[in-house]
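So the chains spell out like this:
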Amino acid sequence: MALVLVIDDQESIRTIMAMLLKELGHDVELANDGQKGIELLNGLSRFDLVITDIKMPNKDGNDVARHIRRSNATSIPVVAMTAFPEEAERDLFDCTLAKPFKLEKLREAVSRFTDFSVQKRPETGVSF
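Read on for a plain summary of the structure. (Residues numbered from 1 in each chain as written. Predicted model: local features only at pLDDT ≥ 70, side-chain atom pairs only at ≥ 80, totals over all residues. Heavy atoms only, no water.)

## Focus on unusual backbone geometry
In this structure, Pro100 follows Lys99 across a cis peptide bond, with omega equal to -10°. With respect to the secondary-structure elements, Pro100 resides in the loop between β5 (95–98) and α4 (103–114). One non-glycine residue, Asn58, lies in positive phi territory at about 60°. (Helix = DSSP H or I, 4+ residues; strand = E, 2+ residues; numbered from the N terminus.)

## Remarks on the packing of aromatic side chains
The tally for this structure, following the rule as stated, stands at zero aromatic pairs. Against the face of Phe84 rests Lys55, its NZ or CZ located 4.4 Å from the ring centre. (Phe/Tyr/Trp six-rings, centres within 6.5 Å; stacked < 30°, edge-to-face > 60°. Lys NZ or Arg CZ within 6 Å of the ring centre and 35° of its normal.)

## Observations concerning the nonpolar core
Ranked by internal contacts, the top residues of the largest apolar core, which has 21 residues, are Leu5, Ile7, Leu41, Val50, Val64, Ile68 and Phe93. Those elements that provide at least two residues to this core are β1 (3–7), α2 (34–41), α3 (61–69) and β4 (78–82). Counting 18 residues, the second-largest nonpolar core is a separate cluster that includes Ala18, Leu21, Cys95 and Leu97. (Core = buried A, V, L, I, M, F, W, Y, C linked by side-chain atoms within 4.5 Å. Buried < 20%, exposed > 50% of the residue type's maximum accessible area, 1.4 Å probe, protein only.)

## Side note on the packing of α2 against α3
Packing of α2 against α3 brings their axes to within 9 Å, and their N-to-C directions diverge by 20°. When the axes of α2 and α3 are compared, the pair comes out roughly parallel. Classified by chirality, the crossing of α3 by α2 is right-handed. Residues Gly34, Ile38 and Leu41 of α2 touch α3, and the partners they reach there are Asp63, Val64, His67 and Ile68. Residues of the contact of α2 with α3, tallied by class, amount to four nonpolar, two polar and one charged. (Axes fitted to C-alpha atoms, helices over the stretch in contact; angles between N-to-C directions. Parallel < 35°, antiparallel > 145°, perpendicular 65-115°, else oblique. Left-handed = near helix turned anticlockwise from the far one by under 90°. Contact = heavy atoms within 4.5 Å. Nonpolar A, V, L, I, M, F, W, Y, C, P; charged D, E, K, R; others polar.)

Shown next as C-alpha cells:
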C-alpha cells in the first residue's frame, strides 16, 4: 500500500494513527515535530501521504506543508489534523481533519489520497 508520514507532537496521537494506518495496510513513519518531519521528507523515503498536526514546537504543520509545496515532491498529498483548523493555511493542504475526528473521516481521507488510480492532488482545502 502507501507509505504515510504522520507528524504530531503528542505521542498518543502518533501511536493511535500508526495503529489505524497499519490496520488499513499502510506503512507508517512517525515524527514528533515539523523539523523531524522535514528531515524525514528530505531523506531516502518516498512518502505517498503526509498527515500533520498544525500546532507543534520547532516547525509547525504549515511549515511542513510549505516545505513540500516548494520541493520537487509537490504532488504528495498533505492532510492537516488539528484542533485549530482556522490556523491551517488552507491553500497548502489537500484536506483538513478537525480534531477530534471520527475514525471514518480518517479512513475516507486516507483512502482518497492513497487510491493510486486517481489523481494525487485534487482541489485544495477539502474538509472532512
